[in-house]
Structure formats: structure tokens, C-alpha cells
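# Analysis of the macromolecular model
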Amino acid sequence: MFTLKIIGPLLTGAGSLLLAWRVKKILDSLVLAQLAAETNFQSLSAYLSNQTVDLKIVGGLNTHVERSQRLGISLLVLGFLLIAAGGFVSAYTILVSS
């Protein structure tokens, strides 16, 4: 019974860490996309005002996002499942111990 009392919070903690990591990765992707959009805007503005001859456009972000999505959805689901499993194990130990 003692092990189940420890396993529940550990599962919940592991699930929370997975979700936190996934949120960080989503935010990293958003920041990358925003920086690329800003770079493209500045490059186009400079090109149109004849300040530069080279037009540098950042591309390929959709590949980065798609790659991140494949692993990310699995981690998101696993994180929620671990939190739910931790809750069920904790509830079970409360029911059994009373």
C-alpha cells in the first residue's frame, strides 16, 4: 500500500512535467514564427524602400512546426494520461486505506 501512495503523486508529477515541457515547446515555436515574420517584414520593407539589394526571406517554418506537432501531440496525451492515472491511484489508496 505504501508504494501506491508514492506512485500516485509521482505519476501526477511526471504528467505535469510533460505538459509543462510541451507548453514550453509550443511557446518556443510561436516565438520562432514571430521572429521569422518580423524578419520577413523588415526585409520586405527595406527592399521596397530600396535600402538593400538582397531580399532575405525566412522560410521552412511549416516543416519545423509539423515535426514538433507529431511528437508534441503524443506528449500532450501522455501527460494528461499520467495525471489521470496518478489521480486514480491516489483515490484508490484513499479508498482502500479507509
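Scroll up to find the structure.
This report concerns the structure included in the present document. Source: prediction; values computed, not measured. (Residues numbered from 1 in each chain as written. Predicted model: local features only at pLDDT ≥ 70, side-chain atom pairs only at ≥ 80, totals over all residues. Heavy atoms only, no water.)

Looking now at the overall build of the protein chain. Tallying secondary structure elements over the protein chain gives two helices and zero strands in all. In terms of overall dimensions, the protein chain is more spread out than a globule: its C-alpha atoms have a radius of gyration of 23 Å, far above the 13 Å expected for 98 residues. Expressed along its principal axes, the backbone C-alpha trace of the protein chain runs to roughly 80 × 20 × 15 Å. The proportion of buried residues among the 98 residues of the protein chain is 18%. Long-range pairs, those at least 24 residues apart, make up 79% of the contacts in the protein chain with a sequence separation of at least 6. With an accessible surface of roughly 7100 Å², the protein chain has 71% of that area assigned to carbon and sulfur atoms. (Helix = DSSP H or I, 4+ residues; strand = E, 2+ residues; numbered from the N terminus. Rg over C-alpha atoms; globule rule 2.2 N^0.38 Å. Buried < 20%, exposed > 50% of the residue type's maximum accessible area, 1.4 Å probe, protein only. Contact = heavy atoms within 4.5 Å. Areas by Shrake-Rupley, 256 points an atom, 1.4 Å probe, with all protein chains shown as cover.)

Mapped onto the fold, Met1 is located in the segment before helix H1 (2-48). You can call Met1 partly exposed: its relative accessible area is 42%. Through-space distance from the C-alpha of Met1 to that of Ser43 is 63 Å; in sequence the pair is 42 residues apart. The residues contacting Met1, other than those within four sequence positions of it, are Thr93 and Val96.

What follows concerns the pattern of salt bridges. Under the definition given, this model contains one salt bridge. Salt-bridge contacts for Lys24 lead to Asp28; the nearest nitrogen and oxygen are separated by 2.6 Å. Of this pair, Lys24 and Asp28 both sit in helix H1, separated by four residues, roughly a single helical turn. Since its relative accessible area comes to 45%, Lys24 is described here as partly exposed. (Salt bridge = Lys/Arg side-chain N within 4 Å of Asp/Glu carboxyl O.)

Structurally, the position occupied by Thr93 is in helix H2 (residues 61-97). Not counting residues up to four positions away in its chain, the partners in contact with Thr93 are Met1, Leu4 and Lys5.

Now for the side chain of Arg22. Relative to the assigned elements, Arg22 resides in helix H1. Despite its burial, Arg22 remains without a salt bridge, the nearest opposite charge being carried by Asp28 at 9.1 Å. Not counting chain neighbours up to four residues away, the residues in contact with Arg22 comprise Ser68, Gln69, Gly72, Ile73 and Leu76. (Lys, Arg positive; Asp, Glu negative; His and termini not counted.)

The subject of this paragraph is the packing of H1 against H2. Packing of H1 against H2 brings their axes to within 7 Å, and their N-to-C directions diverge by 160°. Judged on the interaxial angle alone, H2 and H1 are roughly antiparallel. As for how H1 packs across H2, the hand of that crossing is left-handed. Partitioned by chemical class, the residues of the contact of H1 with H2 number 23 nonpolar, 14 polar and two charged. (Axes fitted to C-alpha atoms, helices over the stretch in contact; angles between N-to-C directions. Parallel < 35°, antiparallel > 145°, perpendicular 65-115°, else oblique. Left-handed = near helix turned anticlockwise from the far one by under 90°. Nonpolar A, V, L, I, M, F, W, Y, C, P; charged D, E, K, R; others polar.)

Between its terminal C-alpha atoms H2 stretches 53 Å, which fits the 54 Å expected from 37 residues at 1.5 Å a residue. Of all the bends in H2, the largest measures some 30° and sits at Gln69. All buried positions along H2 are accounted for by Ser68, Gly72, Leu75, Gly79, Leu82, Gly86, Val89 and Thr93. In this structure, the buried side of H2 is in contact with H1. (Expected span 1.5 Å × (residues − 1). Bend = angle between axes of the 7 residues up to and from the residue.)

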